[in-house]
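Breakdown of the fold
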Amino acid sequence: MSTITKETDLKVHEDGELVEGNPTFASVTADISRAPEAGTPKLWFVAFGAALSLMGLGLTLIGYLFWEGTGIWGIQNPAGWGWAIINFVWWVGIGHAGTLISAILFLFRQRWRTAINRFAEAMTIFAVICALVFPGIHVGRVWVAYFMFPLPNQMGMWPNFRSPLLWDVFAVGTYFTVSLLFWYVGLIPDLATFRDRAKTKIKKAALAVFSLGWRGGNRQWQHYERAYLILAGLSTPLVLSVHSVVSFDFAVSLIPGWHTTIFPPYFVAGAIFSGFAMVMTLALIARKIYGLEHIITMRHLENMNKIMLLTGMMVGYAYSCEFFVAWYSGNLYEKAIFINRAIGPYAWAYWTMIFCNVVVPQIFWSRKMRRNIPVMFVASILINVGMWFERFVIVITSLSQDFLPSSWDYFSPTFFDVGIYLGTFGIFFTFFLLFLRFLPMVAIAEIKGVLPQADPHYYEHNGHH
Amino acid sequence: MADQEKKVLGILAEFANPAELVKAAKEVRDHGYEKFDCHSPFPIHGMDEAMGLRQSPLGFIVFFMGFLGLLGGIALTYYVAVIAYPLVISGKPFFSFQAFVPVYFELTVLLSAFGAVFGMFHLNKMPQLFHNLFYSDKFAKATDDGFFVSLEGEDPKFDAAKAKKLFESLGASSIELIEGE
Amino acid sequence: MNSSSLAEQFKLPESLKPGKIALIVGGAGLLLSAVGFFVDAKQFYHSYLAAFVFWTTIALGGLFFTMLHHLTGATWSVVLRRFSEAIMVILPVLAILFLPIIPGMHDLYHWTHEEAVAADHILQQKEPYLNIPFFLIRAVFYFGVWFLLARTLKKYSTQQDNAPEPSLTDKMRRFSAPGMLLFAVTLTYAAFDWLMSLNPHWYSTIFGVYIFSGSLLSVLAFILLAALYLRGKDVLQSVITLEHYHDLGKLLFGFTVFWAYIAFSQYMLIWYGNIPEETEFFLQRWEGSWKYVSMVIVFFHFALPFLILVTRAAKRNLALMKVMGFWFLIIHYVDIHWIVMPTLHTEGFSLSWIDFTTLIGIGGLFVWYFWKQFAQQATVPINDPKLQSSIQFTNA
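Note that the structure is predicted; figures quoted are calculated from it, not measured. (Residues numbered from 1 in each chain as written. Chains lettered and ligands numbered in written order. Predicted model: local features only at pLDDT ≥ 70, side-chain atom pairs only at ≥ 80, totals over all residues. Heavy atoms only, no water.)

Right, let's get into the overall build of chain C. Helix and strand counts for chain C come out as 18 helices and zero strands. Along the first, second and third principal axes, the C-alpha atoms of chain C reach 70 × 45 × 40 Å. Buried residues in chain C amount to 62% of all 396 residues. Sequence separation of 24 or more characterises 82% of the internal contacts of chain C that already satisfy a separation of 6 or more. In chain C, which carries 25 positive and 24 negative side-chain charges, the distance between the mean positions of the two groups comes to 13 Å. (Helix = DSSP H or I, 4+ residues; strand = E, 2+ residues; numbered from the N terminus. Buried < 20%, exposed > 50% of the residue type's maximum accessible area, 1.4 Å probe, protein only. Contact = heavy atoms within 4.5 Å. Lys, Arg positive; Asp, Glu negative; His and termini not counted. Charge placed at Lys NZ, Arg CZ, Asp CG, Glu CD.)

This is the structure we're talking about:
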């Protein structure tokens, strides 16, 4: 083979740099450590204060909800599920991009993921926390929320394992735990870097504890890399399963518009779609504020836009497939619900969804638009709006107009629906700002690993520098 | 050696770049040392072969844990749905495994992930908050941009002078004796 | 080194004529199938449909693999690109092989019976979609789209062999993006038309994705076997290395899980909902000996290959991988058989000799045309900018 490799004169096709400029290992450490070490900027306090107040609002309203009961929400007959489930599905969905980036792109050797994975994983964890608020509070009698778990009790009562809501407990619980472990494992080498840079004794001691005594020896790296690979391999089917199980909440029932077999993959695609949009929104802000333009490069942004285009098309495929099969099924109720979605009282929500999720991403066919920051910023926000409306359309249209026209009603949210939803944004951003302030927002060790000089073969061809 | 209170616990040599480190690792292994390690801020390709490490047994731990999770899931759902609280739901059998598959899957994944993370901690002897290498001043660079070979004093063939000579011949940019109590 | 001598170097050796026997076997198979037509026309049409869909899904998988390769800009699969390209260009040939299905529509599809439609108000509702002229127009459309996609990608690829133009790589990538969209729509509706409408009351929105997952698995198996065949003849031995087989193994492993996920989603939702018009499909496949076929699919399409392929050592064992290649092709056929045949043999599983002759007949032509296309060009895309890295690729 060697004769052929020498004889062929092939140009290497460059896609753009993974890290721009000519960084050294030390400069990568310095760049990423700068923000957490530099002290707290004023703007951070402003943002943190805002997030904290929003969280306070949410928690206050949740407290009132506990006192008063779920009657303060807009739910009524026949729409017994309202914003709580919509927000739950929306937040869980947002989390999915983090796992996709950290696990699936890792398995597919998409090395550009290193710039954004840490942050996307953090987003996953905080989004899942926000999501978990809703099943926790929607049960009404929160003090018996432990009924959701299979715990032995004096009543001899056990949860119903045939209920998709119980599967949710297992799926989302596992997802949260595994995401947290995955994130933490990824953080260990970077925490060790921070430990070795720490100036004060207390900080050093704390970081020494959290980095578990990491020494960066290859005997450690060996098992570490294996564990990381296995976690990526486990997270990939896990992330598919989580939103599939969430989709089962709807699809195992017989409600028209819910009971359809495409739901599992369709929900997963939608989750990744909205998650990438959220990563995009946050990444654009963080890279601007912290000056990480050379680490989160245009190439990363463009790739994310391509994935949004792809998953947007998948979601569009599912919408059209559902619509066609509703007609094809010959089932009166299926047909009616889809016609109702398009031209009924919630048509405004339906077309908002179509516009944001199917029409807006089409702009990314153009390379110029894929590389235009204001465009992608607006698009990413619109996509998240669209994905919220997708869940709204699914939950509300199917419930408020089911089999019996005499019980149809129009759903309107109350102040408490909106307030608690906003409150979860407060929770999310509070955690996220803490993360940006204190932890390495980009995976230091991984970025070093993708630099050209990280490969031992680099030195054979280029000589020493 | 000179100082009564301080003992030589090992030796640490720094190398210029990953390629040098891989080369050094091969030599150190070929000289018959066993208790040595190569430290770098990121994992280096080909280092496992250079150091002569066997494949990590983590996969077996994970497989075992995953199997345990699956069995646990089956046992739990069978106990709950058939023995402890049998209920006829939509006319289906008590043990409707189809509906339990999501639970089996999640428990398998959960326990596998525990196996991967805690198995890795076990194999790496983590948490180990103190290690002799932390006596070194230079070693902090190993998490930044330093590439080190460390040789522990407990190695049966350890001899500080010989090791120093070896590292010098390999072109180490600095060599440090690790001394401590 | 210029292109023409490189092309020479990577030419399939003249001595290798793997397609010839396939053509003879295929011809013989089709002749015997023709005999089968006179013996039992209804059986013939069902067997033919199953065989035709089986090979078409492989060809469609080839199209998908090629476009996915371009879209992701993958490195490792460059050396396998010629295989998937030679597979996708079989689609136009399959268009010709579609023709025998047309006279068989009456035997295959219940909705073509006017008296049945007149007595069934659901079928009446479906008539705007399920009628013979529209069915044929759609088939022409599907094959037209596939022809266009396969030919265009092949054309660019050939151009690149003659002139080392990296811009052609971008061209193929740009073409593949809308191509993927067309692919998804046509595959879905082809699956609805040819398979789902065998039972015109039954519907499942995931059905297109289900067929897609099987098609991807089978094309991976086909590429694996073709490459291993050449390896046995000392061709491309140092180009398609153990690392590439390892990657194919990983994809086979991953997509057998994906297939299981899709299959289980479809099954579980229908089982749970328990609506007659949906459950009918699975109920029929639990009838009599079909039950055992259903179980075979669960174990041989998912459980066993999952356990076998889970380790790294297995994916790097070429003898085992060869077995798995045949395994996945066979089980994909069983899957298609299990979808098609219960409408004919409602009482239970029943294998006919015509099943074999049609399968081998179309398969022989498929394999023959594959090698014919494969031999036309260099065995690897010699001017692909990533060829070098692909050959040197290793699994970290």
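Residue and element names in this part refer to chain B. Within helix α5 (residues 160-169), the full set of buried residues consists of Ala160, Ala163, Leu166 and Phe167. On an axial view of α5, the arc spanned by its buried residues comes to 125°, and they lie on one face. Every exposed residue of α5 that faces more than 90 degrees away from the buried side is listed here: Ala161, Lys162, Lys165 and Ser169. Where α5 starts, the residue carrying a side-chain oxygen 3.0 Å from the main-chain nitrogen of alanine 161 turns out to be aspartate 159. Following α5 by one or two positions, glycine 171 has its phi on the positive side, about 85°. (Arc of directions from axis to C-beta. Polar contact = N/O pair within 3.5 Å; in protein donor to acceptor, adjacent residues only side chain to side chain.)

The subject of this paragraph is the interface of chain C and chain B. Contact residues are listed per partner, giving nine residues for chain C and nine residues for chain B. Viewed at the interface, chain B and chain C are joined by zero salt bridges. For the interface between chain C and chain B, the tally reads three residue pairs in polar contact (both at pLDDT 80 or more). Among the elements that take part in the side of chain C that touches chain B, helix α12 (residues 242-273) of chain C stands out by supplying five residues, more than any other. Broken down by class, the residue content of the side of chain C that touches chain B amounts to seven nonpolar, one polar and one charged. (Salt bridge = Lys/Arg side-chain N within 4 Å of Asp/Glu carboxyl O. Nonpolar A, V, L, I, M, F, W, Y, C, P; charged D, E, K, R; others polar.)

As for its placement among the helices and strands, phenylalanine 264 of chain C is situated in helix α12. Between the alpha carbons of phenylalanine 264 of chain C and valine 298 of chain C there is a distance of 9.5 Å; along the sequence they are 34 residues apart. Those residues in contact with phenylalanine 264 of chain C that lie beyond four places of it in its chain are Gln98 and Val101 of chain B together with Leu269 of chain C.

Here the focus is the pattern of salt bridges. Tallying each qualifying case throughout the model produces 20 salt bridges over all chains. A salt bridge links arginine 195 of chain A to aspartate 196 of chain A; the shortest N-O distance between them is 3.0 Å. Look at arginine 195 of chain A and you get buried, because its relative accessible area is 5%. Given the relative accessible area of 18%, aspartate 196 of chain A is considered buried. For the salt bridge of lysine 23 of chain B with glutamate 20 of chain B, the shortest nitrogen-to-oxygen distance reads 3.7 Å. Here glutamate 20 of chain B and lysine 23 of chain B lie together in helix α1 (residues 18-30), a separation of three residues that amounts to about one turn. With a relative accessible area of 16%, glutamate 20 of chain B lands in the buried category. Connected through shared salt-bridge partners, Arg81, Arg82, Glu85, Asp161 and Asp384 of chain C make up one network.

On to the nonpolar core, then. Counting 344 residues, the largest nonpolar core has Trp91 of chain A together with Phe52, Phe83 and Leu94 of chain C as its most contacted members. Element by element, the count of residues in this core is highest for helix α11 (residues 207-232) of chain C, at 18 residues. A domain split of this core shows at least three residues from each of domain 1 (7-55 + 131-180) and domain 2 (58-123) of chain B. Phenylalanine 83 of chain C has contacts with Ile223, Ala226, Ala227, Leu230, Leu236, Ile240, Phe370 and Phe374 of chain C, leaving out every residue within four places of it along the chain. Among the nonpolar cores identified, the runner-up in size contains seven residues, and Leu9, Leu12, Phe139 and Phe148 of chain B belong to it. (Core = buried A, V, L, I, M, F, W, Y, C linked by side-chain atoms within 4.5 Å. Domains from an automatic or database assignment.)

What follows deals with the interface of chain A and chain B. Every contact between the two is made by 59 residues of chain A and, on the other side, 71 residues of chain B. Summed over both sides, the interface of chain A with chain B buries roughly 5,600 Å², with 69% coming from carbon and sulfur. Looking at the side of chain A facing chain B, the largest losses of area belong to Arg162, Arg215 and Arg219 of chain A, adding up to 16% of the total buried there. Where chain A packs against chain B, one counts zero salt bridges. Counting the contacts that link chain A with chain B gives 25 residue pairs in polar contact (both at pLDDT 80 or more). Per-element tally for the side of chain A that touches chain B: the top contributor is helix α8 (residues 218-251) of chain A, with 18 residues. (Buried area = accessible area lost by both parts, 1.4 Å probe.)

Sheet strands associate in pairs through backbone hydrogen bonding, adopting either a parallel or an antiparallel arrangement. Residues and elements named next belong to chain B. Spatially, four strands are ordered β2-β3-β1-β4 in an open sheet, and the strand pairing comes out antiparallel. The sheet is open, and its two borders are formed by β2 (36-39) and β4 (174-180), each paired with just one other strand. Each strand of the sheet is rotated relative to its neighbour by a mean of 20°, with strand direction disregarded. (Pairing = 2+ DSSP bridges. Axes fitted to C-alpha atoms, helices over the stretch in contact; angles between N-to-C directions.)

A separate point is the domain arrangement of chain B. One can read the domain layout of chain B as domain 1 (7-55 + 131-180) and domain 2 (58-123). Inter-centroid distance (C-alpha atoms) of domain 1 of chain B to domain 2 of chain B is 44 Å.

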